[in-house]
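Overview (structure and organization)
Listed here are the chains, written in short residue letters.
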Amino acid sequence: DIVAQTGEHFDSTSLPHGYDMHRTRALALTSGVYNGLILTSWLLALGRLLPHTDLRSVFIKLAATQGILQPFVYVPFYFVFHGLLVGQTIAEICGHLRSNYFALLFRLWSIFMPTRVVMFLFVPLNYQVLWDSSVSFMWQLTLSCFDARHLHPQAVVPKSIVYTVSELEMFGRITTAPY
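Definitions and limits used
- Residues numbered from 1 in each chain as written.
- Predicted model: local features only at pLDDT ≥ 70, side-chain atom pairs only at ≥ 80, totals over all residues.
- Heavy atoms only, no water.
- Helix = DSSP H or I, 4+ residues; strand = E, 2+ residues; numbered from the N terminus.
- Buried < 20%, exposed > 50% of the residue type's maximum accessible area, 1.4 Å probe, protein only.
- Contact = heavy atoms within 4.5 Å.
- Areas by Shrake-Rupley, 256 points an atom, 1.4 Å probe, with all protein chains shown as cover.
- Expected span 1.5 Å × (residues − 1).
- Bend = angle between axes of the 7 residues up to and from the residue.
- Axes fitted to C-alpha atoms, helices over the stretch in contact; angles between N-to-C directions.
- Parallel < 35°, antiparallel > 145°, perpendicular 65-115°, else oblique.
- Left-handed = near helix turned anticlockwise from the far one by under 90°.
- Nonpolar A, V, L, I, M, F, W, Y, C, P; charged D, E, K, R; others polar.
- Salt bridge = Lys/Arg side-chain N within 4 Å of Asp/Glu carboxyl O.
- Polar contact = N/O pair within 3.5 Å; in protein donor to acceptor, adjacent residues only side chain to side chain.
- Phe/Tyr/Trp six-rings, centres within 6.5 Å; stacked < 30°, edge-to-face > 60°.

Before going further, it helps to examine the overall build of the chain. Along its length, the chain carries six helices and zero strands. When the elements of the chain are put in sequence order from the N terminus, they spell out α-α-α-α-α-α. Considering the chain as a whole, with its 179 residues, one finds that 44% of them fall into the buried category. Considering only residue pairs separated by 6 or more positions, the chain has 70% of its internal contacts joining residues 24 or more positions apart. When the accessible area of the chain is evaluated, it comes to approximately 9200 Å², of which 73% is carbon and sulfur surface.

Structure (structure tokens):
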């Protein structure tokens, strides 16, 4: 988020509006708790259950991660945990979850499916959290830029491939509430 906010400052056509440490803290804690506790445990368990990198094992790991972890753990976790950190009410969180669930899930699949195929095929288990965290960093940067564009419309947010994918109409639109 700090990287995204720095980009906002350099690319903004208006005066800098200061760093939003509340936004940074919320995204950092959400990412840290998820990657540090949930994702690490998940990847270690998958590595124990399916230690091989043959295509069958890779696609079972991918199906479990993309079909169970992301839709039933990460997406609800993100909306609830992040929502609470930014001060949203339970009703607001539920509303965002209902209206934005599939848009976020489709974006996650578009980013993480290909990178996790590569990860499960080529990245040793002890580096998989680092790999996924690097991809997650790019995802967090995308979310941060998305938040910036909606919270500070005067900011010119840098374009990237991930940013462009997140804006495709077929993936829907995620709306954010002001912090």
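Further remarks concern helix α2 (residues 21-49). Compared with the 42 Å implied by 1.5 Å per residue over 29 residues, the 40 Å span of α2 between its first and last C-alpha is a close match. At N35, α2 shows its largest bend, some 35 degrees. Of the residues making up α2, those classed as buried are R23, T24, A26, L27, T30, S31, Y34, N35, L39, L43, L46 and G47.

Moving on, we come to the packing of α2 against helix α3 (residues 55-85). It is at 10 Å that the axes of α2 and α3 come closest, and there the two elements cross at 150 degrees. Judged by the inter-axis angle, α2 sits roughly antiparallel to α3. The crossing of α2 and α3 is right-handed. Of the residues in α3, those in contact with H22, R25, A26, L27, L29, T30, V33, Y34, I38, L39, W42 and L46 of α2 are K61, A64, T65, I68, L69, V73, Y74, F77, Y78, F81, H82 and L85. For the contact of α2 with α3, the per-class residue count stands at 18 nonpolar, four polar and two charged.

So, about helix α4 (residues 90-122). Side chains three or four residues apart in an α-helix point the same way, a direct result of the helix having 3.6 residues per turn. With 33 residues, α4 should reach 48 Å at 1.5 Å per residue; the first-to-last C-alpha distance of 41 Å falls well below that figure. Of all the bends in α4, the largest measures some 60 degrees and sits at N100.

The subject of this paragraph is the pattern of salt bridges. For the coordinates displayed, the defined rule picks out one salt bridge. Close ionic contact of R116 with D132 constitutes a salt bridge, the shortest N to O distance being 2.8 Å. Here the residue R116 occupies a position in helix α4, and D132 occupies one in helix α5 (residues 125-151), the gap between them amounting to 16 residues. Accessibility expressed as a relative area gives 1% for R116, which makes it buried.

Right, let's get into the side chain of S57. Relative to the elements of secondary structure, S57 occurs in helix α3. Classification of S57 as buried rests on a relative accessible area of 4%. Polar side-chain contacts of S57 include one of 2.8 Å to the side chain of D54. Those residues within four positions of S57 in sequence are excluded, and the remaining contacts are L50 and H52.

Moving on, we get to the packing of aromatic side chains. Throughout the structure, instances matching the rule amount to eight aromatic pairs. Considering the side-chain rings of Y34 and F77, the 6.0 Å spacing of their centres and the 35 degrees angle between planes classify their relative orientation as tilted. Of this pair, Y34 sits in helix α2 while F77 sits in helix α3, and the two are 43 residues apart along the sequence. Classification of Y34 by relative accessible area gives buried; the value is 5%. Ring plane angle 50 degrees and centroid distance 5.8 Å describe the contact between F106 and W109, whose orientation is recorded as tilted. In this pair, F106 and W109 are both assigned in helix α4, three residues apart and thus about one turn of the helix distant. Assessed through its relative accessible area of 26%, W109 is described here as partly exposed. Aromatic ring contacts, followed pair by pair, group Y34, Y74, F77, Y78, F79 and F81 into a single cluster.

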